[in-house]
Amino acid sequence: MTVAGGHVAILLTPPGTGAIAVIRVIGSAPVEALRPILRPKRQATSAEMPNGSLSLAEIVDENGGEVIDEIIVSPFPYRGQFALDLCLHGSVRIVARVLTVLESRGIRLIDDRSAESFAWPHDYRMDADVYSALRLGRTQRAVRFLAWQRTHLNNFLQDLSDSMGEHPHSARDCLQRMMDRGRQGVVLVEGANVVLIGPPNSGKSTLFNRLVGRQASVVSAQAGTTRDWVTADVDFEGVPIRLVDTAGRRKEADALEQLAVTAGLDMSENADVILLILDGSTELTDEAKELLGRAGALKNAIVIWNKADIRAIPGVGGDVFASALTGTGVDEIVRLVLNHLGFSDWKDRGPAFFTGRQLAWGSDVLAAMDHQGLETGRKMFQDFVRMGVDSTRFQGLQ
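None of the values given here were measured: they were computed from a predicted structure.

Undergrad: Tell me about the overall build of the protein chain, and please be specific about residues and values.
TA: If you tally the helices and strands in the protein chain, you get 12 helices and 13 strands. Here the protein chain holds 398 residues, and 49% of them are scored as buried. Relative to all contacts within the protein chain whose residues are 6 or more apart in sequence, the contacts with residues 24 or more apart total 61%. With an accessible surface of roughly 19,300 Å², the protein chain has 50% of that area assigned to carbon and sulfur atoms.

What follows is the structure, encoded as structure tokens:
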């Protein structure tokens, strides 16, 4: 691969704060291109920084000479040219400053959409999907799942394609199982939204903090403390979750607070799972009864009777009796959330789709097999597996 217009730089690691960040610079002579801003701690010249080596260096601001970070650099041959990996500390500010300095040196920054084609050679679109998804992976479980797909998925699809001629019905069933597993695959890569709703002073924010593991929401005995929504990224047994703590509705709420309440209800409509938090230590308010009735009609709602450490009202039904204050019932809440997301008996090792595009393509193939004949669906499937093209190619066959 020849890079047109000099050198390019790609951020290989996911955006956001992390322990480390890796930037790859590709071109004809990346070490020489970075010489004014790269100070090896031991090697004096690029000749003493051989390909395949690891070297400690400082990267500096060319204008003032200020040290931005102490990094590890590794040069190596790359598809007919050369590459230099810069391993930085994962601070968002450090990464942004280094990218700015690289750009000031005339190095072209590659955006997220093109990064995988520059950073990792691949011949199939499924491989490109894995590389792109790895940049989004927030948990070890997600990365292990994607690594398995990278190693096995293309071969599995090829074997499935080869079997379609002799065993079309079993091959169709196998593809359907991959589609059924696809929802969990997408969640492992992109995460799920879990929204907490409930009346004021039901303990939503205390439970939110308990699930997060730190104080992310302000809590108080005064009703209506949360007047806007608060979000936090967590993982439940390796499944990435975005928790949303919404504002409870109060009669005396001002206009701004009412907007926050409305926004919170809108979020709940798009949630993967809703946690309805009710105060189980006292009689239900009219608002609590209204929310409970609404939750009863939703398949993705979990009703949690909080404050079980005080007392639990006999005769009421719900999914969990819990105490956000003591932690009682929290493990059960996590289990129920994972069940709602389909992870109760889900195996990470096994072929599964993990992007919306893949699911759309699989749906196209299944529709063709069901409505246009097995042969039409088989040809669509085999063409896709053989060429690794985008499913939009097949829209004319619908």
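Structure shown, so let's carry the discussion forward.
Undergrad: Which residues make up the sheet that holds strand 3 (residues 38-40), and what values go with them?
TA: If you trace the 7 strands from one edge of the open sheet to the other, you get 3-4-5-6-2-1-7, paired in mixed fashion. Both outer strands of the open sheet, strand 3 and strand 7 (108-109), are each paired with one neighbouring strand and no more. Two elements, strand 4 (residues 55-60) and strand 5 (residues 67-78), share 6 bridges in a ladder whose sense is antiparallel. Looking at the pairing, Val60 lines up with Val67 of strand 5.

Undergrad: Give a description of the nonpolar core that names residues and reports values.
TA: Residues Phe236, Ile241, Leu243, Leu275, Ile304, Val337 and Phe381 are the most contacted members of the largest nonpolar core, which totals 59 residues. In terms of residue count, the dominant contributor to this core is helix 6 (residues 168-190) (8 residues). Beyond its immediate sequence surroundings of up to four residues, Ile304 is in contact with Leu207, Leu275, Leu276, Ile277, Leu278, Val320, Ala322 and Ile333. Judged by nonpolar contacts, the second largest core, of 26 residues, contains Val31, Ile68, Ile71 and Leu88.

Undergrad: Can you explain the sheet that holds strand 11 (residues 273-279)? Please cite residues and give values.
TA: Taking strand neighbours across the sheet as the criterion, the 6 strands line up as 9-10-8-11-12-13 in an open arrangement whose pairing is mixed. The open sheet has two edge strands, strand 9 (230-236) and strand 13 (320-321), and neither has a second partner. Helix 9 (residues 286-296) contacts strand 8 (192-197), strand 11 and strand 12 (301-306) of the sheet and is inclined by roughly 150 degrees relative to strand 11.

Undergrad: Got a sec to walk through the packing of aromatic side chains? Specific residues and values, please.
TA: Using the criterion set out here, one finds 6 aromatic pairs in the structure. Their ring planes at 75 degrees and their centres at 6.4 Å tell us that Phe76 and Tyr78 sit as a pair that is edge-to-face. With 6.2 Å between their ring centres and 90 degrees between their planes, Phe145 and Phe354 make a pair best called edge-to-face. Placement of Phe145 in helix 5 (residues 140-163) and of Phe354 in the loop between helix 10 (330-340) and helix 11 (356-371) is noted, with a sequence separation of 209 residues between them. Assigned by exposure class, Phe145 and Phe354 land together as buried. Among the aromatic residues, those joined into a ring-pair cluster are Phe145, Phe343, Trp346 and Phe354.

Undergrad: Got a sec to walk through the side chain of His7? Specific residues and values, please.
TA: Of note, His7 is situated in the segment before strand 1 (8-11). From its side chain, His7 meets the backbone nitrogen of Ala29 in a polar contact 3.1 Å long. Beyond its immediate chain neighbours, meaning those up to four positions away, His7 contacts Val25, Ile26, Gly27, Ser28, Ala29, Pro30, Ala33, Gly106, Ile107 and Arg108.

Rules and cut-offs
- Residues numbered from 1 in each chain as written.
- Predicted model: local features only at pLDDT ≥ 70, side-chain atom pairs only at ≥ 80, totals over all residues.
- Heavy atoms only, no water.
- Helix = DSSP H or I, 4+ residues; strand = E, 2+ residues; numbered from the N terminus.
- Buried < 20%, exposed > 50% of the residue type's maximum accessible area, 1.4 Å probe, protein only.
- Contact = heavy atoms within 4.5 Å.
- Areas by Shrake-Rupley, 256 points an atom, 1.4 Å probe, with all protein chains shown as cover.
- Pairing = 2+ DSSP bridges.
- Core = buried A, V, L, I, M, F, W, Y, C linked by side-chain atoms within 4.5 Å.
- Axes fitted to C-alpha atoms, helices over the stretch in contact; angles between N-to-C directions.
- Phe/Tyr/Trp six-rings, centres within 6.5 Å; stacked < 30°, edge-to-face > 60°.
- Polar contact = N/O pair within 3.5 Å; in protein donor to acceptor, adjacent residues only side chain to side chain.

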